[in-house]
Each structure stands twice: as C-alpha cells, then as structure tokens.
Amino acid sequence: MVEETIPRRDFLKGAMIGTAALAAGNPAPAAAQAPPSAAPAGADAEPLLTLTATEHAFIVAAVDTLIPTDELSPSGSDCGVATFIDRQLAGAYGMGARLYRQGPFPKAKPELGYQLALNPREFFRAGIEEANAWTRKTYGKDFDRLSEQDREAALKTMEDDKAQFQGFSSRMFFDALLQITMEGFFADPIYGGNRDMAGWKMVGYPGLPATYREDIVKYFGKKYDKPPRSIADFS
Amino acid sequence: MAIMLKEVDAVCIGVGFTGSILARELTKAGLKVVGLERGANRTTREDFALPSVRDDLKYAVRQELFQDTQLETVSLRHTPAETALPIRRLGSFLPGVGVGGAGTHWNGVTWRLLPSDHNLRTHLTNRYGKNAIPAEMTIEDFPVSYDELEPYYDRFEKLLGVSGKAGNLRGQKIDGGNVFEGPRQNEYPNKPLAMSMAGAIMEKAARELGYHPFRAPAANMSAAYTNPEGVTLGACEYCGHCERFGCEANAKSSPQSCILPVLLADDRFELRTHAYVKELVYDRPGKKVKAVRYVDTRSGEEYEQPAGLVVLSAYVFNNNLLMMQAGIGEQYDPVTGRGALGRNYCYQVSGGNVTVFFEDKIINPFMAAGASFGMNIDDFNGDNFDHSGLGFFGGAWISAGTSNGRPIQTRPVPPGTPRWGREWKKATAKWYNHAFNIGASCCNYAHRENYLDLDPTYRDALGRPLVRMTYNFHDNDYKVSEYMGGVLGRIARAMNPSAMSAPTARRGNYNVVPYQSTHNTGGTITGANPKTSVVNRYLQAWEADNLFVMGASVFPQNASYNPTGVVGALAYYAAEAITTRYIRRPGPLVRA
C-alpha cells in the first residue's frame, strides 16, 4: 500500500459526499472515482463480519505496515490477515471465550495479565478508536491516512508505550495487534489468513501432514524441499 | 436437593493419568469404581484425527484442550499484603480438562527425581550443616525414598513405554545415559528417539566442556511399543505437535494411548463425563469422606455419590480447593506457620534461556518430538554440584533442542531484530531454520510466603471461591536462575554460533502471561508429620483415611524436573498400598 491511495472507508465516505456534492452541483472529489486500492482486491473481496469500515481501514493499514510487501511475501492484507482478524473478532475468541470475566476489575500490575472488563472484540474497538484519536492529535489524520513512514513511526510510538491512550496503554493495544497479526500470517489458511501459505513459505515451514519418521533421518542437516500443504489439502 | 445415588466402592475425581491408573488398579482388585470427569470424553479417533489435529491456532493458541477459565481459574497475588486478582486468561500454566486431562496435551518428558531430591532437607542438612537451610525455605523430605519408589518409577515408565537410555543400571554408570540418575533396575522400555541437529550440536559442546550429555526420557515412542496392559502405542512421526495437542498416532503416552482402552472395557469401571465435582461430603468425627457431590453440566442436576473410597485425582488446584472447602485439614497460615493445607505451593523457575543461531547449519525445527528433543545435561541439577558458598540450593536440568517449529509461536530472530516490518521479515526468513534454544528448568524450593488458600472475592461457575495463589520468586530462585544463565552462556559459546542472545535469568515478579510450565505443585503435601503435611507416604489424607490424593499437589517442593514421572510412580505406590492393605483393613495406613 502506498500513501496516496484511498482507504476503503474513505472511498465509501467519499462516494456519499460525492453524491451529495454532485447534487449540489459541485465537481465530484477525485476520491469518489478512485478504486479502493488500500484494501487490495484480494482482501476486499471478503465481506466483513464485525469490523466497521473505519476499523477495517485501520486494520488493513496496520497489518500492511507490520507485514509490508516485499520479495519475501505479499502484504499482510494481501495475505488475508485483515480477513483473519475480522473473523477472529467476530467469533468465539472475540466474544471472550476462555476469558474469566467476573469483576471487580481494579487497575493491576502487568504481571497479573489481562484484567479489563472488555472482551477482545470490545478491546479492539476501543483500541482502534484510541489509536486514531492519537494519530489525529499527533499527525492530524486517522492512522490509515498516514504515509507509510508515519504509520511506521506511529506504531513504533505505540509499541514503545509513548502514545497517550485513554483506559489502557498503547503498548498493550500494540501487543494485541501484533499478536493477532502474526496469528493471521502464520495460522493455517482455513481461518482466512496466511493466504496461499505465504507466511509458511516465507520461513520454510512445511505445514501438513508433518509425518517425518523417515524424513528426520533423510533430512538431517539438509533443507526440507517439499512444498507446504495445509488442512484444506487433506480435507 | 442433590439426587442420592447408590454407594459404590470407589470414586476417582478426575480421569487423567492418575485417575486412570488408580481406577485400573482398584478394578483389578475387584472394586466397582466410578470415574467422575468434569469435561467431555476425548478419543484419539474422534478428537485427535488428521488433518485438524495439526491446527496450531485452535490447539496451541486458542487453547482448545485446556481448562476453560470462564468456568474456573485461580487468583494470584505476589505477597500476603496484596489483593489477589483472577488469572483471566491462561498463560503461564495450562491445566487440562476432559478425559485424559493434561496427559493428552503434554510433551512427554518423564523424569525420576534424583535420590537427593527425595530426602532433600535431610540431604542438604547432612552435607552443608544444620543451619545451612534458611528459615524461610520450608523444604521437606518426601517420606518415600528413591530406592523405595524405584520399582514404581519403573512400572510407570513401562506403562508409558518411555524412550531413553539408562545412565545408572544397578549402580553401573553408563556413558550416554544420565550418569547422575539414581540406580535403575531396568533399562528404559524403548530406545532413544532419533537425533536432532540441535541435539548433535549440544552433545559436542557439552562433551568439550567436560559435561555429561544424555537424551531426556521421552514418552514419545521411538518405536511401536506394547505395554504391560497389552495396549500398543504407535511409533512417533516427529510431527512437532506434542505439547498443547493430542496425538493421532497414539505415539505419545496418554491415558488414551496407554490405559483407557483396558479400563473402559472393564465392567467394574463406569466413566461419567460432564460430572463436575462440586464438593466432598466430609464426616469430620468419623474422619471419612462419605460422598462426593457433583453437577451434571448438561442438565444442571446435582448428584450425591456415596463411596467407600475417594481418590482425589484432579489437577493441583482442584485437589486443594475440594479439601479446603470441606475443611479436611487446617489451612496454612504464613504468619504463624501453623496448618498444612495450602502449604509449600511451588512452581518451576524456567527463566534461563539462550537462543543460538548458525548460518551454515539447518535445524529443521518442525521435525521434532515433544520431550525436549535434543540433548540434556544434569551436571548442574539438584545437588549434583557443590553448593558451598554459592548462596543458593538446587539447580536445573539444562537442555538444547527443538520441540516444534510451529511458526505462530516459534520464530527465533537474533537480538536487536525489530518485532515487525521489513527487517523483521528478513531476519525471520533467514533464521527460522537456523536456530534453537538452550534452556534451564530450575527447581523451585518452598518458601514460607508461597501458599494456596481460598479467594475472598472471586468465584467460579459453581459459585465456589477460586483458589488464591500467594506466590512469587524469591532469593533462592533468582540466584539459581542467575547461575544457570552463566552455564547456558558457556555452553552457547562452546557451540561457536554465528549469533546468540544474551542468556536470560529470572528477574522481577512472577508473571502469569508468558508460558513457563504446567508444573504447579504442593498445597496437599506428603510428609511424615501431620502438622506440616496433608497426606502420609501412601498419599492418604491424615484427616480422612478413605481419601487418597494424587498428583503433584503432594510434592513438598518442586525439583527442577517435570513432575509427571514422579506423579505416576507415586500413583502406583499409593495404589499398591490401597489394594494390598487398605481395602482389607480400612483405616490409617500410618499412625499419626
């Protein structure tokens, strides 16, 4: 993703403004006519289960900054990571499966782990709001509208816990964002991420069936040269 | 009102390894046994089948096989002065649920304790003087010595088909095995697993340094194996999906692969799943547990199951909870030191770690068996080295190897690498197949302020208080870990790697977020003195003679070793005392 492209959310917004503007006799903004290239064709083809357009734009911009396109792999969203995150947050994990949620919820030291009343879906909603509020204050724009360089700097500031968030630390949000991004890049493709096993190909993880009784001797000290396969290849 | 059921000879609360073993031994002795399991049934064919058993996200990350904290968790505070908060998401440790318990999703490391771990307090006092052990270090002897337990270690290893190589066969030291282990009467039932590249590198470095490398005993089958129960286990496929997963090949020892096929075929055993034991019905004057109350989690109905004999074979925390709630024994108080229930809660100090990187060597981390698939040394374990002047007691088992290459969680990069972005991608792609860890699993000796009791605020899904853990690392733990960091650095440098991380030592508070180990121990400890222990040497409760408590909750402290081998041996030791003595003449097996 490059900086001058228009995120999906702004495309939609722009389209509506454009309609209104046209009705008022003004020329349509360029945005209304530009394709939503920030959410690339692959990622955009998947309908959203829970993320709002604003949240989706944030997630696409974030995963494409965390996992940028290069010769090693396509970008995070091209690998389906935004789709993965949408599905995870819409499902049992997002709704707080395996999370003890009884109060009270006092402020706690970090060694006691997650202590908020929010489930992961609610936490990401609040975190994206905070992140966008902070980049608006700092850069004058929502995160997804920043240049790649500014997005990198913004994420680094959150990672270093130097961005001011309400309710929880920016590092806590960043760590959760990085964790779910890596899950989406490396989990089996059945969950919508790691498209074409791009994450596995990048590191050389062979996936399934992982039956190496003979290969463990044959490939001792040697590169394993069989192409990766995933659950779908055996289903 | 609970629905009253007809009395049975025995109930086992929890159908994991110890529940299965006790049920098997008791039914063989002619008893009718009911196994109460709070979770669902799990079978290899249905639940651990390819391809979905290789789903890293579902099992390793979203924790499919572990206890559900929505129903039940524990709370933690670091000191008695603090307010405990619930562990809302499992991280540091991962108790199991369902038939097979944690025995379905462990890695398979199956140790015996060192002889000096068995009589720890006596041993250290004899070697270092009667004032050597600090007052706050409330370590005890196991009342059962290594020599007494040896045949039962042997029996459990044969049930599991443990792969390994003896280092001390009837007193004769054997190079290539663990020369520090106590004398074994028999060789391991299965030969060692295949060698990994990481193990080969470790072996060379350790030998150069004058240490004694050996293969960790592994409940991963190097070859197909038929155990004394007549159950056949398959050969390990080195799939790299042991810990957190079930095994489709029945090649990892588990209740399913070792014992449930014969137990479930026996009419004297009845398995009740979704039977969530809520409380023990305790007859205090009679010193008996008369019955067990449980909830059928499918219907919400409550049942009361009277039983002649009650085996508490749940995980450490539930063993403690059920006894504390029923008031079987006096709650430990860290201020006065009175009371034994909840005393000597221990864990594992698993902080030491070095990652080594080799440009020119291919590791293939994804081809691995669970049980520390590499090479170990015990030169710095227990009291295998002189502690004079060191300022701490105990040690660590040190291991280099690979147990998996599943990339959501295993992606080593050299120190200084960013966690994301282009540089991260480059480093991850470059090093994924060229790195492995050297780690130290350190002992955790009991401390006066580390204990379990009931939480005053937070409750579980059955309305019971959570177990409250008051726990932190203390001086001895930090010093052991620091010392082992030095050893790890020495080993890493001897490997001559292209890059290595700085050896880490355990610092700061105990943190519940990163996984460390599911080696929680204590609270219902075994001992010779009813004032400082909860169960006697036969794991029989001092305050209820028909109650026998299994599992690592009986450990007086935690050695550096993974607990399962000891847990299994003690289960067979207790089972023999029950079947040969207790059922003929019920009553205390040891006079208080």
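Our subject is the structure that appears above.
Participant: Explanation requested: the side chain of B:S257 in the structure shown.
Facilitator: All names here are of chain B. The residue S257 is located in helix α8 (residues 255-258) in this model. Residue class for S257 comes out buried when judged on its relative accessible area of 2%. There is a polar contact of 2.8 Å between the side chain of S257 and the backbone oxygen of K252. If we ignore the near neighbours within four places in the chain, the residues touching S257 are V231, L233, N250 and K252.

Participant: I keep staring at the packing of aromatic side chains and nothing clicks. Help me out?
Facilitator: Aromatic rings in a pair are described by how distant their centres are and how their planes are angled relative to each other. All told, the structure shown has 52 aromatic pairs over all chains when counted by the stated rule. Seen from their ring centres, A:Y100 and B:Y458 are 6.4 Å apart, and the 65° between their planes marks the pair as edge-to-face. Of the two residues, A:Y100 sits in the loop between α5 (81-90) and α6 (120-139) while B:Y458 sits in strand β19 (residues 451-459), which places them in two different chains. Owing to a relative accessible area of 3%, A:Y100 belongs among the buried residues under this scheme. Clustering of aromatic rings is evident, with ring pairs tying together B:F93, B:Y315, B:F317, B:Y345, B:Y347, B:Y471, B:F473, B:Y478 and B:Y510. A cation sits over an aromatic face here: B:R244 above B:Y515, 5.0 Å from the ring centre.

Participant: So what exactly am I meant to see when it comes to the packing of helix α1 (residues 17-28) of chain B against helix α13 (residues 564-582) of chain B here?
Facilitator: If you want to describe how two helices pack, look at the angle between their axes and the distance between the axes. Residues and elements named next belong to chain B. Contact geometry for α1 and α13: axes closest at 9 Å, N-to-C directions at 25°. Considered as vectors, α1 and α13 are oriented roughly parallel to each other. Handedness of the α1/α13 crossing: right-handed. Together, F17, T18, I21, L22, E25 and L26 of α1 and T564, V567, A571, Y572, A575, I578 and T579 of α13 make up the contact between the two elements. Taken together, the residues of the contact of α1 with α13 sort by class into nine nonpolar, three polar and one charged.

Participant: Please clarify how the environment of B:K191 should be interpreted in this entry.
Facilitator: Residues and elements named next belong to chain B. Among the secondary structure elements, K191 is positioned in the loop between β7 (172-173) and α7 (197-208). Taking C-alpha positions, K191 is 6.6 Å from K165, a pair spaced 26 residues apart along the chain. Sequence-distant contacts of K191, defined by excluding residues within four places in its chain, comprise S163, G164, S222 and A223.

The rules behind each value
- Residues numbered from 1 in each chain as written.
- Chains lettered and ligands numbered in written order.
- Predicted model: local features only at pLDDT ≥ 70, side-chain atom pairs only at ≥ 80, totals over all residues.
- Heavy atoms only, no water.
- Helix = DSSP H or I, 4+ residues; strand = E, 2+ residues; numbered from the N terminus.
- Buried < 20%, exposed > 50% of the residue type's maximum accessible area, 1.4 Å probe, protein only.
- Polar contact = N/O pair within 3.5 Å; in protein donor to acceptor, adjacent residues only side chain to side chain.
- Contact = heavy atoms within 4.5 Å.
- Phe/Tyr/Trp six-rings, centres within 6.5 Å; stacked < 30°, edge-to-face > 60°.
- Lys NZ or Arg CZ within 6 Å of the ring centre and 35° of its normal.
- Axes fitted to C-alpha atoms, helices over the stretch in contact; angles between N-to-C directions.
- Parallel < 35°, antiparallel > 145°, perpendicular 65-115°, else oblique.
- Left-handed = near helix turned anticlockwise from the far one by under 90°.
- Nonpolar A, V, L, I, M, F, W, Y, C, P; charged D, E, K, R; others polar.

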